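Residue strings, one per chain:
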Amino acid sequence: MIYRGFSFFMVLSFYSLSAQIIDKVEIKTILNANAGYRALEALNDSTVAFANSNGEVGEIALSGKTRYYKIDLPKDSSNHFRAIASTSNYLFALNIESPARLYKFDKQRYNQLGKVVFLDNNPKAFYDAMYFLDDKNGIAMGDPTDDCLTIITTIDGGTTWQKTDCKNLPKIEPGEAAFAASNTNIASSKKNIWIATGGLKSRVFHSANLGKTWNVCVTPFIQGKPTTGIYSMAFYNSKIGIICGGDYTDKSANLNNKAITNNGGKTWKIVANNVLPGYISCVQFVPNSNGKSLIAVGTEGIYLTRNGGNNWTEISTEGFYSIQIVNEHTAFLGGQGTIATLKF
Amino acid sequence: MNLLKFSFILMALMLCAGCSNNGEIFKDYNCKTSAVQTKQIKDAYLKFSLEVPINWKTELYMDQSTSIFATADTTKQLSETFLIKTSLIPGLLRLNQATSDTIKSELTKNQWHINRIKKGLFKNAEALLITSQKQQSNIKIEGLHLYFSLENEHYFEIEIQCFGDKNSDERFCQAIKVINSLIINE
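In this report, we go over the structure that sits alongside the text.

Scoring rules and cut-offs
- Residues numbered from 1 in each chain as written.
- Chains lettered and ligands numbered in written order.
- Predicted model: local features only at pLDDT ≥ 70, side-chain atom pairs only at ≥ 80, totals over all residues.
- Heavy atoms only, no water.
- Helix = DSSP H or I, 4+ residues; strand = E, 2+ residues; numbered from the N terminus.
- Contact = heavy atoms within 4.5 Å.
- Areas by Shrake-Rupley, 256 points an atom, 1.4 Å probe, with all protein chains shown as cover.
- Lys, Arg positive; Asp, Glu negative; His and termini not counted.
- Charge placed at Lys NZ, Arg CZ, Asp CG, Glu CD.
- Buried < 20%, exposed > 50% of the residue type's maximum accessible area, 1.4 Å probe, protein only.
- Polar contact = N/O pair within 3.5 Å; in protein donor to acceptor, adjacent residues only side chain to side chain.
- 1 Å grid on protein atoms, 1.4 Å probe; cavity = no way out; pocket = protein on both sides within 12 Å on 5 of 7 lines; lining within 4 Å.
- Points joined across faces, edges and corners; volume = space filled by probe spheres on them.
- Nonpolar A, V, L, I, M, F, W, Y, C, P; charged D, E, K, R; others polar.
- Expected span 1.5 Å × (residues − 1).
- Buried area = accessible area lost by both parts, 1.4 Å probe.
- Salt bridge = Lys/Arg side-chain N within 4 Å of Asp/Glu carboxyl O.
- Pairing = 2+ DSSP bridges.
- Axes fitted to C-alpha atoms, helices over the stretch in contact; angles between N-to-C directions.
- Disulfide = S-S within 2.5 Å.
- Phe/Tyr/Trp six-rings, centres within 6.5 Å; stacked < 30°, edge-to-face > 60°.
- Lys NZ or Arg CZ within 6 Å of the ring centre and 35° of its normal.

Details of the overall build of chain A
Each helix and strand in chain A was counted, giving zero helices and 31 strands. With respect to the principal axes defined by its C-alpha atoms, chain A has extents near 55 × 45 × 35 Å. In chain A, 48% of the contacts between residues at least 6 apart in sequence involve partners at least 24 apart. With an accessible surface of roughly 13200 Å², chain A has 49% of that area assigned to carbon and sulfur atoms. Distance between charge centroids for chain A: 4 Å, based on 33 positive and 27 negative side chains.

This is the structure we're talking about:
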């Protein structure tokens, strides 16, 4: 059943049978613009912050009401944002290419110019994701520029950032990097931080002490090509987690592209092998679902599981880059030229 | 004076010959691309380099013998971009009929349907250029595969994959510009 109405948005609604649970799904576009929206950060039940491929940073409510933060965009960059994070009072956005600039915005003063709090001039700099564990501790990660992943951390709420020395990080494997698909290469629970990689190797890096020390574990995930690997990761708690991805250039390929852990990432088990979904750019847990319900999105559609990733149902064929689930029935979706809401 | 004039003409002719041989094999594409800011990136073994637009993502791989340089403009959607994979592989590659048949067979195995095979010059070396296409996950991919040998018993295998058919000629031209920037270190 498809509804079309209102001048600026489309409502798509239908029913799907999933693991004997009937899900009503409604997708409503709340923003149309000529930009890519991969970096979304839920601020509360009704608002999501975004940073887009045109250098715009803002917030949008379920109603579509939008406000933009003030930013002075430098001319030496395309200002393509793919990473975003927030604390109670501040919002942070980080662009992908070199020079990489990490901006800090005051949420209460969106007319105040965003301040660059970290600059990386390394020509190889390519940051993929950013995350705040609490109001003080934050982390951003990027592709290797040396023989380790690029990791920067803050312990003062994002005022200052420090690059982690390669001697304190596991060595990167040849051809191992990360994908800036949806700002979800980093996940956290309590003092644990996990980082997912892809390319020639798909591994999961883990720190149990807020990023002070790291180890890395291998996964049975698809790997071996520049475009294969883990594109997104989510943890429900310090034990239950999921990694998803595949091959960006082969969207229907679904071999070894979804895996779960029940021991905090020590081991990973492939699930739903050789069945849909194929390529996934973002996966998130539904809150209060006991780690059983997840929604994954990719450019080919939206997928729901009610049993921890073992079986998935395609709930829409509309493609998106990223999802932020704000409660048991609502999510924001970011795509090419659009931000939408999902009711499920 | 005449000798000097002759030297100038000879030098100009040599330079022109060098220019045309640089990417002669691509002359059918008749490319005119706009200037973009680039950065020079060397492969993992420092055997070659390419000039890549500054906002492209590059991944370098190597094993004990082969060096692979993969680059793409990942700021764009898949249907608006392309991948370039440049591999420097040890071994002799004689561009004869048997080699051509082997390459065609390998490409066919990888689901490529071959459109055209052409011989020409690239970087003053005899080169083989194959154009192809395939369908993968409901998206058309156009391929361009270039092979040429070096004197030091290594050869290059360069592959451009162009996804979707929107502005594919323009995207191939951008990719060819990157490939033409190849500098091989002796």
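From this point, things continue past the structure.
Examining the side chain of T249(A)
With respect to the element layout, T249(A) can be found in the loop between strand 23 (241-247) and strand 24 (258-261). On the basis of relative accessible area, T249(A) is assigned to the buried category, the value being 3%. Within the local environment of T249(A), its side chain forms a polar contact with the side chain of D247(A), the two groups lying 2.9 Å apart. Every residue in contact with T249(A), bar those within four places of it in the chain, is listed here: K225(A), T227(A), L78(B), L83(B), Q136(B), I141(B) and F163(B).

What to know about the layout of surface pockets
The computed volume of the largest pocket comes to approximately 1000 Å³. Contributing to the lining of the largest pocket are 48 residues, with K225(A), P226(A), L83(B), K85(B) and Q161(B) lying nearest its centre. For the lining of the largest pocket, the secondary-structure elements that each account for two or more residues are strand 3 (57-62), strand 4 (67-72), strand 5 (82-90), helix 2 (97-109), strand 7 (125-136) and strand 9 (154-163) of chain B. Per-element accounting of the lining of the largest pocket gives the leading share, five residues, to strand 9 of chain B. Looking at the lining of the largest pocket, its residues break down into 22 nonpolar, 12 polar and 14 charged.

Description of the environment of H80(A)
Looking at the element boundaries, H80(A) is found in the loop between strand 7 (66-68) and strand 8 (81-86). Along the primary structure H80(A) and A35(A) are separated by 45 residues, whereas in three dimensions their C-alpha atoms are 9.5 Å apart. Apart from the residues lying within four places of it in its own chain, the contact partners of H80(A) are N52(A), S53(A), N95(A), I96(A), E97(A) and T75(B). Within the structure, H80(A) has its side chain in polar contact with the side chain of R82(A) (distance 2.9 Å).

Points about helix 3 (residues 168-180) of chain B
Residue and element names in this part refer to chain B. Spanning 13 residues, helix 3 covers 18 Å between terminal C-alpha atoms, matching the ideal 18 Å at 1.5 Å per step. Looking only at helix 3, the buried set comprises S168, R171, F172, C173, A175, I176, V178 and I179. Residues of helix 3 that are buried sit in contact with strand 2 (48-53), strand 5, strand 6 (113-122), strand 8 (139-149) and strand 9.

A short note on the interface of chain B and chain A
Reports of interface size often rely on the accessible area that becomes lost once the parts have come together. At the interface, 19 residues of chain B touch 28 residues of chain A. Both sides together, the interface formed by chain B and chain A hides about 1800 Å², and carbon and sulfur atoms give 55% of it. Scanning the region where chain B abuts chain A turns up two salt bridges. A salt bridge links D143(A) to K57(B), with the shortest nitrogen-to-oxygen separation between them at 2.9 Å. In this structure, the connection of chain B to chain A is made through nine residue pairs in polar contact (both at pLDDT 80 or more). For the side of chain B that touches chain A, the element with the most residues is strand 3 of chain B, which contributes five residues. In terms of residue class, the side of chain B that touches chain A is built from nine nonpolar, six polar and four charged.

A word on the sheet that holds strand 17 (residues 186-189) of chain A
All names here are of chain A. Read from one edge of the open sheet, four strands run 17-18-20-21, paired in antiparallel fashion. Two strands close off the open sheet at either side, each with one partner strand: strand 17 and strand 21 (215-218). Strand-to-strand twist of the sheet, defined as the mean angle between neighbouring strand axes without regard to direction, takes the value 25°. The pairing of strand 20 (residues 203-207) with strand 21 spans four bridges and is antiparallel. Residue pairing across strands places R203 opposite V218, the latter belonging to strand 21.

Re the state of the cysteines
Residues and elements named next belong to chain A. Scanning the model with the defined rule gives two disulfides over all chains in all. Across the disulfide, C148 is cross-linked to C166 (sulfur-sulfur distance 2.0 Å). The S-S bond linking C148 to C166 shows a torsion near -75°; that makes this disulfide left-handed. Here the residue C148 occupies a position in the loop between strand 13 (138-142) and strand 14 (150-154), and C166 occupies one in the loop between strand 15 (162-163) and strand 16 (176-177), the gap between them amounting to 18 residues. The pair formed by C148 and C166 is uniform in burial state, with each residue classed as buried.

Description of the pattern of salt bridges
Applying the stated criterion across every chain yields a total of 18 salt bridges over all chains. A salt bridge links K76(B) to D73(B); the nearest nitrogen and oxygen atoms lie 3.6 Å apart. Owing to a relative accessible area of 6%, D73(B) belongs among the buried residues under this scheme. Each member of the salt-bridge network shares a partner with another, and the members are D128(A), D143(A) and K57(B).

Things to note about the pairing of strand 6 of chain B
Residue and element names in this part refer to chain B. Across nine bridges, the pairing between strand 6 and strand 7 is antiparallel. Residue pairing across strands places H113 opposite Q133, the latter belonging to strand 7. A loop of two residues connects strand 6 with strand 7, the two strands running antiparallel in sequence, and K123 in this loop sits at a positive phi of about 50°.

Examining the packing of aromatic side chains
Counting across every chain of the model gives 24 aromatic pairs over all chains. With a centroid separation of 5.8 Å and 80° between ring planes, the pair formed by F26(B) and F122(B) is classed as edge-to-face. Placement of F26(B) in the loop between helix 1 (2-23) and strand 1 (38-42) and of F122(B) in strand 6 is noted, with a sequence separation of 96 residues between them. With respect to burial, F26(B) and F122(B) carry one shared label: buried. Where W56(B) meets F82(B), the ring centres are 5.2 Å apart and the plane angle is 70°; that geometry is what we call edge-to-face. Taken together, the positions of W56(B) in the loop between strand 2 and strand 3 and F82(B) in strand 5 put the pair 26 residues apart, joining distant regions of the chain. Overall, W56(B) belongs to the buried group, its relative accessible area being 6%. On the accessibility criterion, F82(B) (2% relative accessible area) is buried. Aromatic rings pair up to connect F26(B), Y29(B), F48(B), F69(B), F122(B), F148(B), F156(B) and F172(B) into one cluster. A cation over an aromatic ring shows up here: R38(A) above the ring of Y321(A), its NZ or CZ 3.7 Å from the ring centre. Of note, K104(A) hangs over the ring of Y90(A), and the distance from its end group to the ring centre comes to 4.1 Å.

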